[in-house]
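Close look at the chain arrangement
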Amino acid sequence: MFDTVASQVSALSFVDIFNFCVFLTFTICYTYQLYYVLVVLTRRAPKKVARRNHRYAVMVAARNEEAVIADLVHSIKVQNYPAELIDIFVIADNCTDNTATVAREAGAIVFPRHNDKQVGKGYALDWGLKAIWEQYADKDYEAYFVFDADNVLDVNYFREMNATFDNGAKASTSYRNSKNFGSNWISAGYGVWFLREAKFLNQARLTLNTSCAVSGTGFFIAADILKAAGGWKWHLLTEDIEFSASSIIDGVRISYCPTAVLYDEQPITFRDSWNQRFRWAKGFYQVFAHYAGRLVKGAVVNPKGYRFACYDMLMTIAPGMLLSIISILFNSIIIALAVTGVMSTGVAIASSLTSIVFCLCNYIVFMFVFGVLTTFVEWESIRTTTAKKVRYMFTFPVFMLTYIPIALIALVKKAAWKPIRHSISVDVAEFSEAEGVRLSSK
């Protein structure tokens, strides 16, 4: 009898201590992001003004994007910025359609690339960048913009980003909105996530004068940064996050321009969404494995003013979702052992069940709150009906829950780049008119 009670107490203590340690780790690591929310809600982001206009090259790595590439090129051609200071280069990467022809007819300079060994956006950008250096060296581009083929830009995008560059930024990301937010719960899930990233992460970082992070598309990098790197040297599955981590370690502060607006097409099928997010999850694991140690070191030894950026980046790439999965799996194993009689039942099962429910409910509530907050704060920016805005606040936590199996499978399964089909063509003038209303209301 005494032995049974002692073993139950021991099991209970072990389970409770483990779950408390997981909760404490999350609290210590991520509470600062709640302060980010307070900063955004109480302080205005700094406004930049340009003294002069600079010369830029645009790089677009496009694979079978004939349906949308012309919209992007056109939206760049009609910018409220001197057209002679922007050259558009489309890397038609292993295309089997008319992407190259459509892009060329729209006014872009096209570099066809055929390489089935080095596959991925990073390799295409590196190849295209070196082609620009070789063939257009006399242009003296001061910075290079990177966009995805499915993007369209607000007419003032380059004017606003130029102000950020003119004020000394070596790299900067921009405000990422969605051109098909209202398609379904999947596209809306992406839309809310990117709006939350722009508003409650990057804008807070900008306001606090720490480093932001680029996110796939809609950013520039100064020419001297790329020259010093010898090209586009970031080739992991998430080359954008790899660039961010590498730059922050080296003491390069990445900026953010909240008034430079880009519209991005989001996946609408679960298969495409799974493939894309699976690649992202695998890429984050890769970046964590390659850069976590140096980010920890940077958080300690980097010059004052650059240490927190290393910590923040470490938390961005740290597998926080994996910690939740470990907690759920651990408690599930405890329950299974108790049910099969390997260990004592009763309080052990109750404690583990409570922990699983708490973990899942806490995650759902946290995502719901962020979804609601983001939707209401960015209400005027979201291009869909009121009914859909309200509905997708409730589906956002479900969208985020689907990351759990993705993150788990990404631990053990290899990932390869798979194209996401883009087909939504939009009226650039209509988007720009709506964006003008949004900015004037702020």
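These numbers come from a predicted model, not from an experiment.

**Let's talk about the overall build of the chain**
Scanning the chain from N- to C-terminus turns up 16 helices and eight strands. Across the 442 residues that make up the chain, the buried fraction comes to 54%. Sequence separation of at least 24 residues holds for 82% of the intrachain contacts in the chain that already meet a minimum separation of 6. Here the chain has roughly 19600 Å² of accessible surface; of this, 61% comes from carbon and sulfur atoms.

**Topic: the UniProt feature "transmembrane region" (unreviewed entry) in the chain**
If you check UniProt for "transmembrane region" (unreviewed entry), the listed places come out as residues 17-42, 321-343, 349-373 and 394-412 in our numbering. Within residues 17-42, the helical portion is 96% and the strand portion 0%, while the C-alpha atoms at the span's ends are 38 Å from each other. In residues 394-412, helix accounts for 84% and strand for 0%; the two terminal C-alpha atoms are 31 Å from one another.

**A short note on helix α15 (residues 403-410)**
Along α15, the residues that are buried comprise Tyr403, Ile404, Ile406, Ala407 and Ala410. Viewed end-on, α15 has its buried residues packed into an arc of 165 degrees, placing them on one side of the element.

**A closer look at the pattern of salt bridges**
Taken as a whole and judged by the stated rule, the model has 15 salt bridges. Linking Arg159 and Glu160 is a salt bridge whose minimum nitrogen-to-oxygen distance equals 2.9 Å. Here Arg159 falls in the partly exposed class, since its relative accessible area comes to 38%. For the salt bridge of Asp224 with Lys170, the shortest nitrogen-to-oxygen distance reads 2.6 Å. Of this pair, Asp224 sits in helix α8 (residues 223-229) while Lys170 sits in the loop between α6 (157-166) and β6 (171-178), and the two are 54 residues apart along the sequence. A network of salt bridges, in which partner residues are shared, links Lys47, Arg159 and Glu160.

**So, the sheet that holds strand β4 (residues 143-147)**
Ordered in space as β3-β2-β1-β4-β7-β6-β8-β5, the eight strands form an open sheet in which the pairing is mixed. Every interior strand has two partners, whereas the edge strands, β3 (109-113) and β5 (152-153), have only one. Bridge count between strand β2 (residues 86-93) and β3: five bridges; the pairing is parallel. Its bridge partner being in β3, Val90 is matched across the sheet by Val110.

**A short note on the side chain of His54**
Topologically, His54 is positioned in the loop between α2 (32-42) and β1 (56-62). At a separation of 2.7 Å, a polar atom in the side chain of His54 contacts the side chain of Glu142. Among the polar contacts made by the side chain of His54, one reaches the side chain of Asp166 at a distance of 2.7 Å. Aside from chain neighbours lying at most four places away, what touches His54 is Tyr81, Leu85, Glu142, Asn162, Phe165 and Asp166.

**Focus: helix α4 (residues 99-106)**
Since the α-helix advances by 3.6 residues per turn, residues separated by three or four positions end up pointing in the same direction. Within α4 the residues assigned to the buried category are Thr99, Ala100 and Ala103. Around the axis of α4, the buried residues are gathered within 95 degrees of arc, so they sit on the same side. Among the structural elements, β1, α3 (69-77), β2 and β3 are those in contact with the buried residues of α4. Positive backbone phi, approximately 120 degrees, marks Gly107, located one or two places after α4.

**Examining the packing of aromatic side chains**
Using the criterion set out here, one finds 39 aromatic pairs in the structure. An angle of 85 degrees between the planes, with centres 6.3 Å apart, marks the rings of Phe111 and Trp127 as edge-to-face. Placement of Phe111 in strand β3 and of Trp127 in helix α5 (residues 121-135) is noted, with a sequence separation of 16 residues between them. Accessibility expressed as a relative area gives 7% for Phe111, which makes it buried. Through pairs of rings, three or more aromatic residues link up here, namely Tyr56, Tyr81, Phe145, Phe147, Tyr157, Phe158, Phe165 and Phe220. In this structure, Arg277 is placed above the aromatic ring of Phe399, and the distance from its NZ or CZ to the ring centre is 4.3 Å. Its guanidinium or amino end placed over the ring of Tyr392, Arg391 lies 5.7 Å from that ring's centre, counting from NZ or CZ.

**A look at empty space enclosed by the protein**
Summed over the entire model, instances satisfying the criterion amount to three cavities of 30 Å³ or more. Roughly 50 Å³ of internal volume is contained in the largest cavity. Taken together, Thr173, Ser174, Arg176, Phe194, Glu197, Ala198, Asn202, Ser215 and Thr217 make up the full set of residues lining the largest cavity. Among the secondary structure elements, those contributing two or more residues to the lining of the largest cavity are β6 and α7 (185-207).

Criteria and cut-off values
Residues numbered from 1 in each chain as written. Predicted model: local features only at pLDDT ≥ 70, side-chain atom pairs only at ≥ 80, totals over all residues. Heavy atoms only, no water. Helix = DSSP H or I, 4+ residues; strand = E, 2+ residues; numbered from the N terminus. Buried < 20%, exposed > 50% of the residue type's maximum accessible area, 1.4 Å probe, protein only. Contact = heavy atoms within 4.5 Å. Areas by Shrake-Rupley, 256 points an atom, 1.4 Å probe, with all protein chains shown as cover. UniProt positions renumbered as here; feature names shortened; annotations may be inferred. Arc of directions from axis to C-beta. Salt bridge = Lys/Arg side-chain N within 4 Å of Asp/Glu carboxyl O. Pairing = 2+ DSSP bridges. Polar contact = N/O pair within 3.5 Å; in protein donor to acceptor, adjacent residues only side chain to side chain. Phe/Tyr/Trp six-rings, centres within 6.5 Å; stacked < 30°, edge-to-face > 60°. Lys NZ or Arg CZ within 6 Å of the ring centre and 35° of its normal. 1 Å grid on protein atoms, 1.4 Å probe; cavity = no way out; pocket = protein on both sides within 12 Å on 5 of 7 lines; lining within 4 Å. Points joined across faces, edges and corners; volume = space filled by probe spheres on them.

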